[in-house]
Amino acid sequence: MPHIALVTLVVRDYDEAIAFYTGPLGFELVEDTDRGDGSRWVVVRPRGGEAALLLARAADGTQRASVGAQTGGRVGFFLHTDDFARDHARMTAAGVRFLEEPRHEPYGSVAVFEDLYGNRWDLLQPITP
């Protein structure tokens, strides 16, 4: 059955992006391969997850202009957790910038945060039936 394996996230710099996603967010570095042309194939994903992010360094002015604005200011990424309080506290302590206090909605506990470029994410613990 088809499934989403990778989503490209345009970044300013490979190393700063790797540091943020593997540090404050706690993702794992799956691959970092030099492609021989000055670019790299860099893949990170949440530990235990299947879908991953391809961190692609902006190659021109159009791509650089999209860094941090790939979804037009909307929440574009959803990071699910099985323990909202634990991960919110860990991420906050690691310097992740949350844009709101945690909310408890009918669908679960959630708070919006920004990555190092300003892309908006939901940290979300869905309610399980």
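Refer to the structure printed above.
Our subject in this report is the structure included herewith.

About the thresholds
- Residues numbered from 1 in each chain as written.
- Predicted model: local features only at pLDDT ≥ 70, side-chain atom pairs only at ≥ 80, totals over all residues.
- Heavy atoms only, no water.
- Salt bridge = Lys/Arg side-chain N within 4 Å of Asp/Glu carboxyl O.
- Helix = DSSP H or I, 4+ residues; strand = E, 2+ residues; numbered from the N terminus.
- Pairing = 2+ DSSP bridges.
- Axes fitted to C-alpha atoms, helices over the stretch in contact; angles between N-to-C directions.

1. A short note on the pattern of salt bridges
- Per the stated rule, a full pass over the model turns up 10 salt bridges.
- A salt bridge links Asp32 to Arg40; its shortest N-O distance comes to 2.8 Å.
- Here Asp87 makes a salt bridge to Arg90, at a shortest N to O gap of 3.8 Å. On the criterion of helical spacing, the pair formed by Asp87 and Arg90 is a turn pair, its members being three residues apart in helix α3 (residues 84-93).
- One salt-bridge network, held together by shared partners, links Asp82, Arg86, Asp87 and Arg90.

2. Brief notes about the sheet that holds strand β3 (residues 40-45)
- In spatial order, the strands read β1-β4-β3-β2; together these four strands make up an open sheet with mixed pairing. Only two strands of the sheet have a single neighbouring strand rather than two, namely β1 (6-11) and β2 (28-34). Averaged over all neighbouring strand pairs, the angle between strand axes comes to 25 degrees, with direction disregarded.
- Looking at chain direction, β3 and strand β4 (residues 52-57) are connected through three bridges and run antiparallel. Residue pairing in the sheet places Val44 in a bridge with Leu53 of β4.

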